[in-house]
2 protein chains.
Amino acid sequence: MDITTFSALAEPNRLRIVELLLDGPLTVGDITDRLQLQQPQVSKHLRVLLDAGLVEVQAEANRRNYKLRLDPFQELDAWLETYRTVWEERFEALEQYLQKLKAKENKKN
Amino acid sequence: MDITTFSALAEPNRLRIVELLLDGPLTVGDITDRLQLQQPQVSKHLRVLLDAGLVEVQAEANRRNYKLRLDPFQELDAWLETYRTVWEERFEALEQYLQKLKAKENKKN
DNA sequence: AAGGAATATTCCTGTCAAGGAATATTCAAA
DNA sequence: TTTGAATATTCCTTGACAGGAATATTCCTT
């Protein structure tokens, strides 16, 4: 798992930017308006997201369109797979326990 | 999505600790040995993980057993759901495009 | 009660990241 | 070619965080 994904998302404003981009590409000005931030800070955050591979840019004249890249999220998803396995194991263990408990109850009655 | 999960996982050694705990509870000494770190640093990282709710402790005499908590990972998984939706949409769009391309090819022949 | 093992905390220092302010760059339009 | 809009970069300061070293705490054993 690539750590830089986590560090990039660990900053509140950057996470907000990512969530915004979920609905489609946005320009720096768009993000500045919606998040009520200073333009330079937005640019800086976008730079970090860019370096982390979380977004990509497409220049169009004066503007720059920032778009979400899904690869890192897919990597994250794949990484989580192991953890999913673990909690499913635990869930099954719990189920079995409840089954036994139920069986014991039936015997008592 | 709780940011502290990301910040906690954004540190290499902490991520390694988490991966270790995937195989079951471990003691501070265990982790210290396996990761070749200084014991105080391990304790400090565990403290961060504890505060972030990624692990839980169970004291047993001198030792302390650290165990992975799955809730934050489940939260992460749920958060990713939205992104999964997006990439599935894109995949379907790609499929439809290929279908049309194929249809056009057939017409040509 | 004393000593020692396991763990946590504190203090210090260096590094890094974030915001603010100012400035540089790039491009379109007149 | 000058002006203005959109964006990026730089410099500065401040706060957070990681590692190292030392020390405190807790509990078992003798």
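Because the structure is a prediction, the values reported are computed rather than measured. Throughout, residues of each chain are indexed from 1 in the direction in which the sequence is written. Chains carry letters and ligands carry numbers; both start at the beginning, A for chains and 1 for ligands, and go up in the order they are written. Residue-level local features of this predicted model are given only where pLDDT is at least 70; pairs of side-chain atoms are given and counted only at 80 or more, and the full residue set underlies all totals for whole chains, interfaces and linings. Side-chain measures here rest on the full set of heavy atoms in the structure, leaving out hydrogens and waters.

Peer 1: Please explain the domain arrangement of chain A as it appears in this structure.
Peer 2: Interface size is often expressed as the accessible area that is lost when the parts come together. All names here are of chain A. Residue ranges assigned to each domain were obtained from an automatic or database domain assignment. Per the domain assignment, the segments making up chain A are domain 1 (3-69) and domain 2 (70-109). Here domain 1 and domain 2 have C-alpha centroids that lie 37 Å from each other. With seven residues of domain 1 in contact, the opposing surface of domain 2 contributes seven residues. Note: buried area is the sum, over both parts, of the accessible area (probe 1.4 Å) each one loses when the two are combined. Where domain 1 abuts domain 2, roughly 620 Å² becomes buried across the two surfaces, and 74% of that area is made up of carbon and sulfur atoms. Considering only the surface of domain 1 that becomes buried against domain 2, Thr5, Phe6 and Arg69 emerge as the three largest contributors, covering 64% of it. The salt bridge definition used is simple: a Lys or Arg side-chain nitrogen within 4 Å of an Asp or Glu carboxyl oxygen. Here domain 1 and domain 2 share one salt bridge between them. In the analysis that follows, any N or O atom pair within 3.5 Å is treated as a polar contact, provided that within protein one partner can donate a hydrogen and the other can accept it, and provided that, for residues neighboring in sequence, both atoms belong to side chains. The tally of links from domain 1 across to domain 2 stands at one residue pair in polar contact (both at pLDDT 80 or more). In this classification, Asp, Glu, Lys and Arg are treated as charged, Ala, Val, Leu, Ile, Met, Phe, Trp, Tyr, Cys and Pro as nonpolar, and every other residue, Gly included, as polar. Residues of the side of domain 1 that touches domain 2, tallied by class, amount to four nonpolar, two polar and one charged. Pairs of residues are marked as contacts when any of their non-hydrogen atoms sit within 4.5 Å.

Peer 1: How should I be thinking about the sheet that holds strand S3 (residues 63-68) of chain B in this particular structure?
Peer 2: Pairing between the strands of a sheet is mediated by backbone hydrogen bonds and can be parallel or antiparallel. Residues and elements named next belong to chain B. For two strands to be treated as a pair, DSSP must find at least two bridges joining them. Only runs of H or I of at least four residues qualify as helices and only runs of E of at least two qualify as strands under DSSP, and these elements are numbered from the N terminus. Across the sheet, which stays open at both edges, the three strands sit in the order S1-S3-S2 with antiparallel pairing between neighbours. Each edge of the open sheet carries a strand with a single partner, namely strand S1 (26-27) and strand S2 (55-60). Alignment of S1 against S3, held across two bridges, turns out to be antiparallel. Counted as the bridge partner of Leu26 is Tyr66 from S3.

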